[in-house]
Structures are given as structure tokens and as C-alpha cells.
Amino acid sequence: MKILIGTCLSLLCLAVSHAQEKKPNILFAIADDWGMHAGVYGTRWVQTPAFDRIAKEGLLFKNAYTPVAKCAPSRAIVLTGRHAWQNEEAGNHMSYFPAKLKSWPEVLAEKGWHMGITGKGWGPGIANNSEGKPRQITGKQYNKHKAKPLTSEMGNNDYTENFRDFLDDTPKDTPWCFWYGSTEPHRGYEFQSGVNKGGKKLSDIDRVPAYWPDTETVRHDMLDYALEVEHTDRHLGLMIAELEKRGELDNTLIIVTADHGMSFPRVKGYAYHDSNHIPLAIRWPGGVKNPGRIIEDFVSFIDIAATMLDAAGIAEKDSGMMPITGRSWREIWESEKSGQVIAERDHTLIGKERTDVGRPQNQGYPIRGIVTHEMLYLRNYEPTRWPAGNPETGYLDTDGGPTKSLILDMGREDRQNKYWRLNFGLRGAEELYDLTLDSDCTQNLAEESVHEEKVKSLQTRMETELKQQGDPRMAGNGKIFDEYTPTTGDGFYEKFMRGEKIKAGWVSPTDFEKAPLAPEELK
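Computed from a predicted model, the values in this text were never measured in an experiment.

Asker: I'd love a proper account of the packing of aromatic side chains, names of residues and values included.
Answerer: Taken as a whole and judged by the stated rule, the model has 26 aromatic pairs. With a centroid separation of 5.9 Å and an interplanar angle of 40 degrees, the aromatic rings of Tyr41 and Phe51 are classed as tilted. Pair noted here: Tyr41 is in the loop between strand E1 (25-31) and helix H2 (49-56) and Phe51 is in helix H2, with a separation of ten residues, a long-range link. Each member of the pair, Tyr41 as well as Phe51, carries the same accessibility label: buried. Ring centres 5.2 Å apart and planes at 20 degrees place the aromatic pair Phe496 and Phe512 in the stacked group. Pair noted here: Phe496 is in helix H15 (residues 492-497) and Phe512 is in the segment after H15, with a separation of 16 residues, a long-range link. Its relative accessible area of 26% is what places Phe496 among the partly exposed residues. One aromatic cluster is present, built from ring pairs that chain together Trp45, Tyr211, Trp212, Tyr225 and Phe264. One residue, Arg266, lies across the ring of Tyr272, its end atom 3.8 Å from the ring centre. Just above the ring of Trp420 sits the side chain of Arg415; from NZ or CZ to the centre is 4.8 Å.

Right, here's the structure in full:
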């Protein structure tokens, strides 16, 4: 009898153990160009009930960052768990994704997961394997279903219906992972759609960032962006409802984020606080302890690959991926603490190389930076270059739109205009901002002698980590990033200056200055 009881108990424990080891399904939602604007972050002019629910029933992160504020390099970091300066060509925008850099969706698919995507995955760029064949770097595409968009500029992807197709295709008892890649709120926007179709009011906006003029045009532009954020959130809510309907919600790890800040001047393509600071919320009843917590730890896109492998029960050594720089968020979700959970997560690194074409010889605007709770330090390695791209080729690092056009016109009237200088003017070699007093990063403290020691301290801390990570720029080989051939717009500057007709559909025809601007014109 004792032997029988013991055997039964052993079998019961084994069954419980296997139940506990059941792999979660994963819904990874990543919006295109969505900044820190959500109800749970205190934004009054954007309604995000689905994101807010994920945060309230899971974890809300206040200090999540992408290392690079441009689509392709940011998403490459998500996929590899490595910084842009570790990803070779994939550290640039419009790039070739090296065949040796394996993505975590490819790993999950190899390990038997049903892996799918709707909308935008990695790009723009080309991702082929060693034989030159296209890779399913973010999974099998599910884009068949279309729906009439609310505005003339929104995409027509019926993300939710495509998600249903994916779920219907999932074999029984097979774990799945779905990448919901909303192309909203990427530009363009239907001007004044936030008011005319979203029922919003210009007075809904409680604050316009200090680096833009507070005008009706800018407020309309912000509300048009808000309407597209809400479109992304609406589909997220419908996906959550579908999981509830199928009884799969509580066994699904849901991660909701965005690739970088909004596609406005001085945000997307730059390295300021609003550029790299991103929304992030996680819901997973099977893994997150004490849900409803607000986390102040610094977390980065370099952590996502490690987190995905960890949640899927796949050891990094068995993944075939290049060494991952980031760390899993398991320590955070298994803790019951709010605020700062892990003491050493008190900063993160950011930066960029070539985030668009349009400069001579395909040059980028290289930056490395470090963010702490109090400060942002930036090192601009080529300060004689134009940070937003050359004026005569349309400032291509900044997407076209009403706010950009307005500020460019201000600059044409007066090159001393503070908004033009903040958004499109030249920068010094170093920048330092006190985020506790100036989160908009408009008051550069780097040249004030009182901050000299702070600048040196942050620079040393940053460069120590960059050297450990093998950043080519720390070894004097930063030019390699300019030498990588872009997949689109190769030699744009030289061709344009020769009078060739070149398409640059992401900017407005009026963005191009009639002639190059000389630095002495700005004094």
C-alpha cells in the first residue's frame, strides 16, 4: 500500500511538474513610430484601453528604451538581442540583414512553434539566407484580409482577422507565437483627421513639447497621430477578445511595445529622450507575480530575444543565435516588487549610425549615448554633418509632415529661429541634459564647467560598456557603418546633386532647400 501511494504521489508530482512547464503562447505587438503616449502613462489626448488593460493586469514599464530610434536597426535589435553596433550592416537603416544573425522567431519555428506575423516585421531592408533566398525572419505572413481604413492614410490590413487565420492554422497542442506589427502610427496622416474623424479637440492636448511651436498645425498633427495610435490599440483589444473567446488568454504572454518614438522632427531618427523612450507593458498570468506593478528598471530591446527564449524554455546555447547581449526579464516578472526591482538596471545605452540616406557618400550621423534616471549624455562623433540629413536633399532623416514643413518655413525666414535650430540645426560634439528638469532636452549643459565631471563620468561609463561589446567605433573603425551599401537610395546625395530624379516618398517636395546651407549662415 505504501509503495502504491508513493508511486501515485510521484506520478502526481510529475504531472504537476509537466503542467507547470507548459509553454505559454506569445503575442508580440509592436507598433510603428509610437511614443510614450497612453492612458496609463497619463496622456489625456490618446485613448488606449487595450494597452492600459495589459499594464493593469500585468506590468507597466516606465523606463523601456530602444537603442536606436529608426525602424530597421531597432527591429534588428529586437530580433537578435544585440546592439546596433554589434549587428554589422543591420545596425543601419535600409540595410542587408547578415545571414549569420539568427532571429528568435526563426529559433521558435525550428523548435516546433507555430510562428506567424501580420503587418510590419523587420525592415526596410533585405534579409536573405546564405543561399540568397528570403528568410521568414519574423514568421509566416498572414496578410490576406483587408478592411476599409478610417482615414485615407491608414493601412487596410485587417490585423485581427489575419490573427484569427493564424490561430485557426495552429496545429492542436502546438505552442504559437504571433507578431502583430501594426504599421500605424507611421506617417502619413490625413490632416485634421483627429478632429474631423476622431472627435478630438485641439484643447485636449495639455502640453506641446518645448522643441515645437505650439500652433494649431502642430496640435492637429499630434491629434492625427493619436488617432492612428488608437487604431493600433483597437486591434490589440480585438485580439485580446479573440483569445478570451478561445480560452487562451491566460496562457498567453502578451508583450506590447513600439519600435521608437513618433515620426516627428527631433524624435524619430534622433537620440533624444522622446526618440528612444518607448511604451512597454506585459501580461502573463502564468509568469508575472503580483500583477499591476509599475517597474522603474531600465529595460532595453536588447533584452527581448533573451526574454523570448527564456519564456519558451529554450537555452541560448541551443538556439544557434549569435551571443545575446541583453538579459531576460524573468527576474522582474518573478519579483513582487514595484519601482526599482534590480539595482543594476539603472541605465541604458542608445545611439545610431546611418538612419537614412541623403548625406554625401552615404554618410550617417553617428551617436552613442547613455541614459540614467537623471541624465542623458550624447556623444556626436561627426558634428559637422547635418543631424537630420542635408538640407539640400530634404532633411531625409525626418519624415515629412505638417510639423516639419512649418518649422522648415520658420527657418527659411530666420536661421536663428529656435525651433529650426533645435530640430534641424548643427549640434556640438557633446550633449548633456538633466531629465529631471528638462525631459524635452532643449537645454544642453555639456559646455557648462559645473557639469564637466558629470560629462566625464557618463562618457567613461558609456565607453567602457561599448568597448566590452566590441563597438567598432571604440576601436577607431566607425567608418565601416558608412561603407555598408544601403538597399535603397545608394548614392542618393550625389545623384540628386547631379540633377537625377530620385524618389524620396517619405518626405515632402517642399522639404528640400534650394541650395546647401553653409555653417556661417547659421551664426
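Moving on, there is more to tell.
Asker: Which residues make up the packing of H2 against helix H7 (residues 216-245), and what values do they have?
Answerer: Where H2 contacts H7, the two axes come as close as 7 Å, and the packing angle between them is 55 degrees. Here H2 is positioned oblique relative to H7, judged by the angle of their axes. On the side of H2, the interface is formed by Pro49, Ala50, Phe51, Arg53 and Ile54, while H7 contributes Asp233, Leu236, Gly237, Ile240 and Glu244. Along the lines of polarity and charge, the residues of the contact of H2 with H7 split into six nonpolar, one polar and three charged.

Asker: Hey, could you go over H2 for me, with residue numbers and the actual values?
Answerer: Along an α-helix, residues three or four apart share an orientation, since each turn contains 3.6 residues. Buried residues of H2: Ala50, Phe51, Asp52, Ile54 and Ala55, and no others. Buried residues along H2 sit against strand E2 (59-65), H7, strand E8 (252-258) and strand E10 (280-283).

Asker: So what's going on with the packing of helix H5 (residues 159-169) against H7? Which residues, and what values?
Answerer: Put simply, H5 and H7 touch, their axes get as near as 9 Å, and they point 30 degrees apart. Classified by the angle between their axes, H5 and H7 sit roughly parallel to one another. Taken as a pair, H5 and H7 cross one another with a handedness that is right-handed. Along the contact surface, H5 presents Tyr159, Thr160, Phe163, Arg164 and Leu167, while H7 presents His231, His235, Leu238, Met239, Glu242 and Leu243. Each residue belonging to the contact of H5 with H7 can be placed in one class, and the counts come to six nonpolar, three polar and two charged.

Asker: Account for empty space enclosed by the protein, naming residues and giving values.
Answerer: Under the definition given, this model contains two cavities of 30 Å³ or more. Taken as a whole, the largest cavity spans an internal volume of roughly 70 Å³. Lining the largest cavity we find Gly269, Tyr270, Ala271, Tyr272, Lys352, Tyr365, Ile367, Leu378, Asn380, Pro387, Arg427 and Glu431. A per-class count over the lining of the largest cavity returns seven nonpolar, two polar and three charged. Approximately 60 Å³ is the volume attributed to the second largest cavity. Every residue along the wall of the second largest cavity is listed here: Ala29, Ile30, Ala31, Trp34, Phe51, Tyr180, Ser182, Thr232, Asp233, Leu236, Val256 and Thr257. For the lining of the second largest cavity, the elements supplying multiple residues, two or more each, are E1, H7 and E8. Tallied by class, residues from the lining of the second largest cavity come to eight nonpolar, three polar and one charged.

Asker: With reference to specific residues and values, describe helix H3 (residues 71-80).
Answerer: For H3, the tally of buried residues reaches ten of ten residues, placing the bulk of the element in the interior. Residues Cys71, Ala72, Pro73, Ser74, Arg75, Ala76, Ile77, Val78, Leu79 and Thr80 constitute the buried set of H3. The inward-facing, buried residues of H3 abut E1, helix H4 (104-110), strand E7 (176-181) and helix H9 (304-312). Immediately beyond the C-terminal end of H3, within one or two residues, lies Gly81, with a positive phi of roughly 75 degrees.

Asker: Got a sec to walk through the environment of Trp113? Specific residues and values, please.
Answerer: Structurally, Trp113 can be placed in the loop between H4 and strand E4 (114-119). Taking the C-alpha atoms as reference, Trp113 lies 36 Å from Thr151; in sequence the two are 38 residues apart. Residues contacting Trp113, with those up to four places away along its chain left out, are Lys23, Pro24, Ile26, Leu108, Pro175, Trp176, Cys177 and Ala312.

Asker: Tell me what's going on with the pattern of salt bridges, and back it up with residues and numbers.
Answerer: Enumeration over the complete set of coordinates arrives at 46 salt bridges. The partner of Arg330 in a salt bridge is Asp310, and the shortest N-O contact between them spans 2.9 Å. On the criterion of sequence distance, the pair formed by Arg330 in helix H10 (residues 330-334) and Asp310 in helix H9 is long-range, its members being 20 residues apart. According to the relative accessible area criterion, Asp310 is partly exposed, its value standing at 25%. Ionic pairing is found between Glu344 and Arg327, a salt bridge with its closest N-O pair at 3.9 Å. Note that Glu344 is positioned in the loop between H10 and strand E12 (347-352) and Arg327 in the loop between H9 and H10, a separation of 17 residues in sequence. Taken together, the shared-partner salt bridges in this structure form one network comprising Arg53, Glu57, Glu244, Asp250 and Arg283.

Asker: Go over the pairing of strand E14 (residues 375-380) with me, naming the residues and quoting the values.
Answerer: Burial of E14 is extensive: five of the six residues sit out of reach of the surface. Sheet topology note: the strand E13 (residues 367-372)/E14 ladder contains five bridges and is antiparallel. From the neighbouring strand, Ile370 faces E14, where its bridge partner is Tyr377. Hairpin remark: E13 followed by E14, antiparallel, with two residues in the connecting loop.

Reading guide: rules and limits
Residues numbered from 1 in each chain as written. Predicted model: local features only at pLDDT ≥ 70, side-chain atom pairs only at ≥ 80, totals over all residues. Heavy atoms only, no water. Phe/Tyr/Trp six-rings, centres within 6.5 Å; stacked < 30°, edge-to-face > 60°. Helix = DSSP H or I, 4+ residues; strand = E, 2+ residues; numbered from the N terminus. Buried < 20%, exposed > 50% of the residue type's maximum accessible area, 1.4 Å probe, protein only. Lys NZ or Arg CZ within 6 Å of the ring centre and 35° of its normal. Axes fitted to C-alpha atoms, helices over the stretch in contact; angles between N-to-C directions. Parallel < 35°, antiparallel > 145°, perpendicular 65-115°, else oblique. Contact = heavy atoms within 4.5 Å. Nonpolar A, V, L, I, M, F, W, Y, C, P; charged D, E, K, R; others polar. Left-handed = near helix turned anticlockwise from the far one by under 90°. 1 Å grid on protein atoms, 1.4 Å probe; cavity = no way out; pocket = protein on both sides within 12 Å on 5 of 7 lines; lining within 4 Å. Points joined across faces, edges and corners; volume = space filled by probe spheres on them. Salt bridge = Lys/Arg side-chain N within 4 Å of Asp/Glu carboxyl O. Pairing = 2+ DSSP bridges.

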